[in-house]
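Coordinate inspection notes
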Amino acid sequence: MRRPIGEEKNMRILIVAVLAAPLLAGCVSAVKTVVTAPVKAVGQVADWSTTSQDESDRNRGRELRKREERVGKLSRQRDKALAKCRDGNEEECRRAEILDHEIEAEMAAPR
């Protein structure tokens, strides 16, 4: 018994659809990857260009330690210059005064 032409055509369409489904799934996956890639890239750039609170705290602590080191070094230099100044060296008295101003400027600099 022969099937009607319309029924045979429907069967062919169904078979083609079933066979094409895996190919279509791959296409959907590829389209999804292409569509989401720019979003992921923008997110990564945002991560690279922003500083987290933890990084900010670390950087601030590092800067404070460097400032304390500079002030400590200037203070030691000033103390040596003051000792030489007490021994009568006028040039070291001027140097001690300059170092004192540098210490004040370092301490007053915005943090």
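Bear in mind that the values here come from a model prediction, so they are computed numbers and not experimental data.

1. Section: the overall build of the protein
- Within the protein one finds three helices and zero strands.
- Across the protein, every contact between residues at least 6 apart in sequence was considered, and the portion connecting residues at least 24 apart equals 52%.
- Accessible surface computed for the protein: about 9,600 Å², of which carbon and sulfur atoms make up 60%.

2. What about the state of the cysteines?
- Inspection of the entire model under this criterion finds one disulfide.
- The side chain of Cys85 participates in a disulfide bridge whose partner is Cys93; the two sulfur atoms lie 1.7 Å from each other. An S-S torsion of about 90 degrees defines the bridge between Cys85 and Cys93 as right-handed.

3. A closer look at helix α2 (residues 53-86)
- An ideal rise of 1.5 Å per residue puts 50 Å on 34 residues; α2 measures up with 49 Å between its terminal C-alpha atoms.
- For α2, the set of buried residues is Gly61, Arg67, Val71, Gly72, Leu74, Ser75, Arg78 and Ala81.
- Packing partners of the buried residues in α2 comprise α3 (90-108).
- Immediately downstream of α2, the backbone of Gly88 shows phi near 105 degrees, a positive value.

4. Remarks on the pattern of salt bridges
- One pass over the full model with this rule turns up seven salt bridges.
- Of the charged contacts in the structure, one is a salt bridge between Arg67 and Glu106, with a shortest N-O distance of 3.8 Å. One end of the pair, Arg67, is in helix α2; the other, Glu106, is in helix α3, and 39 residues separate them in sequence. Pair check on accessibility: Arg67 and Glu106 agree, each one buried.
- Between Glu106 and Arg70 there is a salt bridge, and its shortest N-O distance comes to 2.9 Å. Highlighted residues: Glu106 in helix α3 and Arg70 in helix α2, separated in sequence by 36 residues.
- Bridged by salt links that share partners, the residues Glu63, Arg67, Arg70 and Glu106 form one connected network.

5. Some details on the packing of α2 against α3
- Between α2 and α3, the shortest axis-to-axis distance is 8 Å and the interhelical angle comes to 160 degrees. Classified by the angle between their axes, α2 and α3 sit roughly antiparallel to one another. When the axes of α2 and α3 are compared, the crossing they make is left-handed. From α2, Arg67, Arg70, Val71, Leu74, Ser75, Gln77, Arg78, Ala81, Leu82, Lys84 and Cys85 reach across to α3, where they touch Glu92, Cys93, Arg95, Ala96, Leu99, Asp100, Glu102, Ile103, Glu106 and Met107.

6. Things to note about a positive patch on the surface
- Judged by side-chain charge, Lys73, Arg76, Lys80 and Lys84 come together as a positively charged surface patch.
- Since its relative accessible area comes to 59%, Lys80 is described here as exposed.

7. Here we look at the confidence of the model for the protein
- When pLDDT is averaged along the protein, the result is 81; 77% of the residues meet or exceed 70.
- Within the protein, the element-level pLDDT minimum falls on helix α1 (residues 5-49), averaging 70, and the maximum on α3, averaging 93.

Cut-offs and rules
- Residues numbered from 1 in each chain as written.
- Predicted model: local features only at pLDDT ≥ 70, side-chain atom pairs only at ≥ 80, totals over all residues.
- Heavy atoms only, no water.
- Helix = DSSP H or I, 4+ residues; strand = E, 2+ residues; numbered from the N terminus.
- Contact = heavy atoms within 4.5 Å.
- Areas by Shrake-Rupley, 256 points an atom, 1.4 Å probe, with all protein chains shown as cover.
- Disulfide = S-S within 2.5 Å.
- Expected span 1.5 Å × (residues − 1).
- Buried < 20%, exposed > 50% of the residue type's maximum accessible area, 1.4 Å probe, protein only.
- Salt bridge = Lys/Arg side-chain N within 4 Å of Asp/Glu carboxyl O.
- Axes fitted to C-alpha atoms, helices over the stretch in contact; angles between N-to-C directions.
- Parallel < 35°, antiparallel > 145°, perpendicular 65-115°, else oblique.
- Left-handed = near helix turned anticlockwise from the far one by under 90°.
- Patch = residues over 30% accessible without salt bridge, like charges linked within 9 Å, V, L, I, M, F, W, Y side chains within 5 Å.
- Lys, Arg positive; Asp, Glu negative; His and termini not counted.
- Charge placed at Lys NZ, Arg CZ, Asp CG, Glu CD.
- pLDDT = per-residue confidence, 0-100.

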